[in-house]
Structure formats: C-alpha cells, structure tokens
Amino acid sequence: MSNHTWPRSLATAVALTVVAASCGNDDGATVRDLGADTADSASSSGSSSAPSDGSGDEASTAGDGGYDYASNVEAHRLVVADICGIGDLLDAGDFDAAASVYRDGGSSVNADGSVRTIAGFATSEGRNHGLDTYYGTPTPLDDFVSAALEGSGMFEGESDAVRAQGI
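Here is a short report on the structure shown in this document. (Residues numbered from 1 in each chain as written. Predicted model: local features only at pLDDT ≥ 70, side-chain atom pairs only at ≥ 80, totals over all residues. Heavy atoms only, no water.)

A few words on helix α5 (residues 95-104). All of the buried residues in α5 are F95, A98, A99, V101 and Y102. End-on view of α5: buried residues confined to an arc of 160°, all on one side of the axis. Within two residues after α5, G105 carries a phi angle of roughly 65°, on the positive side. (Buried < 20%, exposed > 50% of the residue type's maximum accessible area, 1.4 Å probe, protein only. Helix = DSSP H or I, 4+ residues; strand = E, 2+ residues; numbered from the N terminus. Arc of directions from axis to C-beta.)

Let us look at the pattern of salt bridges. Tallying each qualifying case throughout the model produces three salt bridges. For E74, the salt bridge goes to R77, with nearest N and O atoms at 3.4 Å. Of this pair, E74 and R77 are both found in helix α3 (residues 74-77), three residues apart, which corresponds to roughly one turn of the helix. In this structure E74 comes out as partly exposed when scored by relative accessible area, which is 38%. On the basis of relative accessible area, R77 is assigned to the partly exposed category, the value being 32%. Here E150 ties to R103 by a salt bridge, and the two come within 3.1 Å at their closest N and O atoms. Here R103 lies in helix α5 and E150 lies in helix α8 (residues 140-150), a separation of 47 residues in the sequence. On the basis of relative accessible area, R103 is assigned to the partly exposed category, the value being 36%. (Salt bridge = Lys/Arg side-chain N within 4 Å of Asp/Glu carboxyl O.)

Counting 13 residues, the largest nonpolar core has I86, L90, A98, Y102, I118, V145 and L149 as its most contacted members. Listing elements by their share of this core, those giving two or more residues are α4 (79-91), α5, α6 (118-122) and α8. Take this core: its biggest share by element is five residues, from α5. (Core = buried A, V, L, I, M, F, W, Y, C linked by side-chain atoms within 4.5 Å.)

Right, dumping it as structure tokens:
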C-alpha cells in the first residue's frame with residue numbers, strides 16, 4: 001500500500017460513515033419548532049396539566065423557553081436558586097456560607113417538608129454512573145466539591161479562584 005492510499009482510504013471511510021449517519025428515517029415530524037415565538041409557547045403550555053405525583057391534582061409547570069413540562073416541577077427548579085446563591089457567595093469569598101447552602105439547601109422543599117440539597121444530589125449512592133468504581137469512593141462528586149469548599153485534598157493551598165472553579 002502506498003503512502004497516499006491510507007489517508008484516502010480513511011477519508012473515504014469517514015465520508016461514507018457521515019453520509020450513512022445522515023440518512024436516518026427521522027423526518028422531524030415530532031420535533032417542535034424551538035425558534036417559534038416564546039410568548040405563543042408559554043401561553044399554550046400553561047393550559048396543559050399532568051400529575052406530578054400521580055394524583056392528577058396538580059397542573060404542569062408553565063413552559064420554559066420552548067420546553068413544555070409534563071408535570072409540576074416548580075420545587076425542583078428552585079434548586080437553581082441555591083446554585084446561584086452559592087455562586088454569589090463564592091464571588092464574595094464566603095466559602096463557609098457557600099458550604100452551608102451546598103449542604104443545607106433552602107430554596108427547594110420536598111412534599112414531605114424535607115429540603116433538597118445539592119450535596120444530597122452529589123452524595124446519592126447507588127447510581128449506575130461508574131464514577132464510584134473509577135474514583136474508588138461511593139461519593140466522588142461530593143468528595144470533590146467538599147474538598148474545594150474546605151480547601152483540603154487536591155485543593156489544599158490553592159487560591160480561592162481555583163477552589164471556586166472546582167465548586
């Protein structure tokens with residue numbers, strides 16, 4: 001095989017793969033036009049309803065920028081307020097308060113009155129993501145963020161900017 005045959009063969013194989021992948025049978029009929037006027041989207045999504053807990057009592061959360069929710073997710077969406085709060089606290093250099101919001105939450109409450117926390121998501125064991133096996137700990141995400149919050153482990157001696165980026 002000459003030196004020029006191999007690159008041409010590879011280029012041909014790649015081109016055929018791209019063409020084959022683009023020739024699927026999806027005609028796009030089930031895809032909504034996300035470029036449509038969001039005011040129309042929001043007004044139409046507010047009229048739909050679906051149960052959030054299977055009871056049929058709750059209306060679905062209003063649409064959000066081209067996405068229509070199938071159930072009421074308002075409480076779940078409030079976790080973002082905690083994320084933003086942590087960002088604001090880190091900007092102010094208050095790692096202790098940021099750690100408190102991370103571990104204790106505050107914005108998102110479950111139906112039973114317990115508070116959803118970002119740490120709760122990060123410590124959820126038994127997830128089938130393979131990270132626990134790869135990193136050798138059942139809570140690799142929490143271990144990483146906690147080390148950045150505390151300035152310990154791989155973040156020991158690092159600047160506040162590096163720690164904040166880790167968080």
